[in-house]
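One letter stands for each residue in the lines below.
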Amino acid sequence: MRVAALVALAVLAGCGDRAQVVVGSKKFTESVLLGNMAQQLIAAAGLEVEHRSELGGTRILWDALVAGEIDLYAEYTGTIRREILAGESIPEGDAALARALARRGLRMTGPIGFDDTYAVGMREETAARLGIRTLSDLARHPDLALGFSHEFVDREDGWRSLESSYGMSHRDVRGLDHEVAYSALESGAIAATDVYSTDSKIVELRLRVLEDDRHSFSPYRAIYVYRADLAPRAVAALARLEHHIDNREMLALNARADLDKVGECQVASDLLGAELGMARHPCQELGVVARIADRTVEHLFLVGVSLLAALLIGLPLGVVAGKRLHVGKVVLGAVGVVQTIPSLALLVLFIPLLGIGALPAMAAIFLYSLLPIVRNTATGLTDISPGLRESAEALGLPPGARLRLVELPMASRAILAGIKTSAVLNVGTATIGALIGAGGYGQPILTGIRQGDHGLILEGALPAAALALLLDGLFSLAGRFVVPRGLRLERAD
């Protein structure tokens, strides 16, 4: 019970109190920039505000907003109308959209000023060689390989809309991470991908944006969507940005962050200073060592708490599975099924129950930790020779004493191996927690992928690999103290 209490206290300490206003943003530069602008506007209004950056895609942000885990984020009218609330057939116009949001306890600001609609881009030289200028032209080349972001492939207003409007019949259509899709386009592995009309990659990669000659894509005017109970001062602060950023300016802001490698906080601060006359916001960048240290603490917290919880639950389940074989099949089957659920899907499923941040990430990692511990504990107990069990019974030891003094020590080598496997796997699995704001080594990896910065990717990947190797070594060393000497000698032979 004491250990369980410590776990609960650790979880509570890790979650902490949230700021008065929490701003969210998706994992692409424009959304991060708009999130920084909202944070700085609200901070200038005298409110405590936190920016939960790069929380994944549309569904994660929307679910977090509805659940009250965040208070606002930047969204697009077309996304709300044609993706999030697609089943409601909302009429055109902001008034109808505002009424649909109000039914869910949400509100929206007026337009920020730019329309970041979907588009399809090709390398200029490829498009020129094939004579492709419109999406209708692209439809006449079904042999071309296309690569789109996973969200674009799945959305009604994305690839499905193109298929319906243009009769697209391409056989090779791949779902890719957006940044990976750009790399594939640059290398020639794919011929076209989805872009946003204000995307800096259009300039960087010299892309030809294909004309949407059948008007498949709806207007995607940028707004902030927020909870109805948001502080009035925060609402008034957001309204200051309305009609202040047009398409050309947003493209320049994205390019400054992506191509010139200026931090999003600084880009946002300069824009607000130029447009609204706001004082410069402090944008202090931590050094590499300090960033890695902070991420290490976050990652150790995720791995440590989830592994401890898995030990408290997994070891007893493993004992039951090893001692009661019929029950054991059910237990092992159940924990095995969890391993088949994609990790990202499990994280998203936890958001309505546990919100965003460390708690749902630890819950997912905990579930993935169970199988190696439960399976190895059960295997270690069932592999004990019948002769040893009979000898323990002949000594008159009761079942509890036999388990504690004979069976668990004999199975200790297998149990420790399962714990070590679970710990090492946890280090890698914990990196995806950054998609829902859990921090850790996944955060620089996500940012590095978004910015095409290999240094940032390595800033997360190398410490994660080092931590996994360290844990592997520590558990191997622990075997000298946990595993009985006779079993260790047997292994050496």
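Quick note: structure is the one above.
Procedures and definitions
Residues numbered from 1 in each chain as written. Predicted model: local features only at pLDDT ≥ 70, side-chain atom pairs only at ≥ 80, totals over all residues. Heavy atoms only, no water. Disulfide = S-S within 2.5 Å. Helix = DSSP H or I, 4+ residues; strand = E, 2+ residues; numbered from the N terminus. Buried < 20%, exposed > 50% of the residue type's maximum accessible area, 1.4 Å probe, protein only. Pairing = 2+ DSSP bridges. Axes fitted to C-alpha atoms, helices over the stretch in contact; angles between N-to-C directions. Contact = heavy atoms within 4.5 Å.

**Q** Go over the state of the cysteines with me, naming the residues and quoting the values.
**A** The tally for this structure, following the rule as stated, stands at one disulfide. Disulfide partner of C265: C283, at an S-S distance of 2.0 Å. With the S-S dihedral at roughly -75°, the linkage between C265 and C283 falls on the left-handed side. Of this pair, C265 sits in helix α14 (residues 264–276) while C283 sits in the loop between α14 and α15 (288–323), placing them 18 residues apart in sequence.

**Q** How would you summarise helix α3 (residues 58–67) if you had to cite specific residues and measurements?
**A** Within α3, seven of the ten residues are buried, which leaves it mostly tucked inside the rest of the structure. Residues of α3 that are buried include every one of T58, I60, L61, W62, D63, A64 and L65, and no others. Where α3 ends, the next residue or the one after it, G68, has phi of about 85°, a positive value.

**Q** Mind laying out the sheet that holds strand β10 (residues 222–227), listing which residues take part and the relevant values?
**A** Two modes of strand pairing occur in sheets, parallel and antiparallel, and in both the strands are linked by backbone hydrogen bonds. Overall, mixed pairing links the five strands, which are arranged β2-β1-β3-β10-β4 in an open sheet. Two strands close off the open sheet at either side, each with one partner strand: β2 (49–52) and β4 (106–108). For this sheet, the mean inter-axis angle between neighbouring strands, taken without regard to orientation, is 30°. Relative to strand β3 (residues 72–76), strand β1 (residues 21–24) runs parallel, the two sharing two bridges. The residue of β3 that forms the bridge with G24 is Y73. Packing of helix α4 (residues 77–84) onto the sheet brings it into contact with β3 and β10, and relative to β3 it is tilted by some 80°. Helix α5 (residues 94–102) contacts β4 and β10 of the sheet and is inclined by roughly 155° relative to β4.

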